[in-house]
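One-letter residues, chain by chain:
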Amino acid sequence: MTSDSHDLEKVSRLTLEYYERRAAEFWEGTRDHDVSQNIAALLQFIEGPPPFTLLDFGCGPGRDLEAFAARGHIAIGIEGAAHFAAMARAHSGCEVWQQDFLKLDLPVSRFDGVFANASLFHVPSRALPDVLLRLRACLKPGGVLFSSNPHGHNEEGWNGGRYGVYHDLENWRRYLSAAGFVELTHYYRPAGLPREQQPWLASVWRKPAGVISAGAAGAPVPAGRPP
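Basis of the calculations
- Residues numbered from 1 in each chain as written.
- Predicted model: local features only at pLDDT ≥ 70, side-chain atom pairs only at ≥ 80, totals over all residues.
- Heavy atoms only, no water.
- Salt bridge = Lys/Arg side-chain N within 4 Å of Asp/Glu carboxyl O.
- Helix = DSSP H or I, 4+ residues; strand = E, 2+ residues; numbered from the N terminus.
- Buried < 20%, exposed > 50% of the residue type's maximum accessible area, 1.4 Å probe, protein only.
- Axes fitted to C-alpha atoms, helices over the stretch in contact; angles between N-to-C directions.
- Parallel < 35°, antiparallel > 145°, perpendicular 65-115°, else oblique.
- Left-handed = near helix turned anticlockwise from the far one by under 90°.
- Contact = heavy atoms within 4.5 Å.
- Nonpolar A, V, L, I, M, F, W, Y, C, P; charged D, E, K, R; others polar.
- Core = buried A, V, L, I, M, F, W, Y, C linked by side-chain atoms within 4.5 Å.
- 1 Å grid on protein atoms, 1.4 Å probe; cavity = no way out; pocket = protein on both sides within 12 Å on 5 of 7 lines; lining within 4 Å.
- Points joined across faces, edges and corners; volume = space filled by probe spheres on them.
- Pairing = 2+ DSSP bridges.
- Phe/Tyr/Trp six-rings, centres within 6.5 Å; stacked < 30°, edge-to-face > 60°.
- Lys NZ or Arg CZ within 6 Å of the ring centre and 35° of its normal.

Asks: Describe the pattern of salt bridges, with residues and values.
Replies: Counted under the stated rule, the structure contains 7 salt bridges. A salt bridge links Glu17 to Arg13, with the shortest nitrogen-to-oxygen separation between them at 3.8 Å. With Glu17 and Arg13 both in helix α1 (residues 3–21) and 4 residues apart, this pair spans about one turn of that helix. A salt bridge links Arg173 to Glu170; the nearest nitrogen and oxygen atoms lie 2.7 Å apart. Of this pair, Arg173 and Glu170 both sit in helix α7 (residues 169–178), 3 residues apart, which is roughly one turn of the helix. Overall, Glu170 belongs to the partly exposed group, its relative accessible area being 42%. The network of salt bridges with shared partners includes Glu170, Arg173 and Glu183.

Put into structure tokens, the structure is as follows:
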């Protein structure tokens, strides 16, 4: 095993441990957050008639899974922290797969949309290309990826026990474009404030129709066998 893989395992382990220790606290602090703007940004670009099959990537305790299900969609969560996964199942009644973001095993061309709200910024930059390819592969042709991340000037490292990467718009565009996504729109949150008071960068991307689903370095992504 390379030193790089050891480093990535440490990033994943310590970040997940951070959330495991604070699962109840995190739920109480975020359960009432209004992310309806982000949910609408994903749904408005999905083509075809609902209900949609959606993957909530980093679903946490299940707040947004519950919101998607309440709108009549088929929502599945993916979450690395065991406590969060259990809470999400209980709160939403939806299927939740417990998977490490850096060891994804996803079905090919299954989802109309992927909702990655405050999750992808935890992926180290050297692992991000592979993760994005796997998310693209799990989308149907023409499917839509939504992401919202705290932005910055491309700083990367530990912050209060969690690992994070704080991309600016141009850097984020480079990663998503290299993974084969086409940008649909982007905006900063919360709405209506000066940019220096908008810590979140949200963006919406489409997997072009006709793109062959593949994993890192062109390797096909295996069909997932979720628990």
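Here the narrative resumes.
Asks: Before we move on, could you go through the packing of helix α2 (residues 23–30) against helix α5 (residues 82–92) and cite the residues and values that matter?
Replies: Closest axis-to-axis distance for the α2/α5 pair is 10 Å, and the angle between their directions is 45°. Relative to α5, the element α2 is oriented oblique. The handedness of the crossing between α2 and α5 is right-handed. Facing Ala23, Ala24, Phe26 and Trp27 of α2, the residues of α5 in contact are His83, Phe84, Met87 and His91. When its residues are assigned to classes, the contact of α2 with α5 shows 6 nonpolar, 2 polar and no charged.

Asks: Please set out the nonpolar core residue by residue, giving values where relevant.
Replies: Core analysis: the biggest nonpolar cluster contains 28 residues, and Leu55, Phe57, Leu106, Val114, Leu120, Leu135 and Leu145 have the highest contact counts within it. Sorting the residues of this core by element identifies β1 (53–57), β2 (74–79), β4 (111–117), α6 (128–138), β5 (139–150) and α7 as the ones contributing at least two each. The element best represented in this core is α6, accounting for 6 residues. Leaving out residues up to four positions away in the same chain, Leu55 has contacts with Ile76, Gly77, Ile78, Leu106, Phe111, Gly113, Val114, Phe115, Leu135 and Cys138. Listed in part, the 23 residues of the second largest apolar core include Ala41, Leu42, Leu54 and Val96.

Asks: Now, about empty space enclosed by the protein: what can you tell me, with residues and values included?
Replies: Considering all chains together, one arrives at 1 cavity of 30 Å³ or more under this definition. Approximately 40 Å³ is the volume attributed to the largest cavity.

Asks: Now, about the environment of Leu133: what can you tell me, with residues and values included?
Replies: Following the sequence through the fold, Leu133 ends up in helix α6. Once the C-alpha coordinates of Leu133 and Phe181 are considered, the two residues, 48 residues apart in sequence, prove to be 9.3 Å apart.

Asks: Run through the layout of surface pockets, naming residues and quoting values.
Replies: Approximately 840 Å³ is the volume attributed to the largest pocket. What lines the largest pocket is a set of 40 residues, and nearest its centre among them are Tyr19, Phe26, Asn117, Ala118 and Ser119. Listing elements by their share of the lining of the largest pocket, those giving two or more residues are α1, α2, α4 (63–70), β5 and β7 (162–166). A per-element tally of the lining of the largest pocket places α1 first, with 5 residues.

Asks: I'd like a description of the sheet that holds strand β8 (residues 182–189), backed by residues and values.
Replies: Ordered in space as β3-β2-β1-β4-β5-β9-β8, the 7 strands form an open sheet in which the pairing is mixed. With partners counted over all chains shown, the strands left at the sheet margins are β3 (95–98) and β8, one partner each. Strand-to-strand twist of the sheet, defined as the mean angle between neighbouring strand axes without regard to direction, takes the value 15°. Its contacts with the sheet place α6 against β1, β4 and β5, and it is angled at close to 140° to β5.

Asks: Tell me about the packing of aromatic side chains, residues and numbers included.
Replies: One pass over the full model with this rule turns up 8 aromatic pairs. On the numbers, 4.2 Å between centres and 25° between planes, the contact of Phe57 with Phe101 is stacked. One end of the pair, Phe57, is in strand β1; the other, Phe101, is in the loop between β3 and β4, and 44 residues separate them in sequence. By relative accessible area, Phe57 is classed as buried at 0%. For Phe101, a relative accessible area of 16% puts it in the buried group. Over the ring of Tyr188 we find Arg195, and its NZ or CZ is 3.7 Å from the ring centre.

Read these as geometric descriptors, not functional statements.
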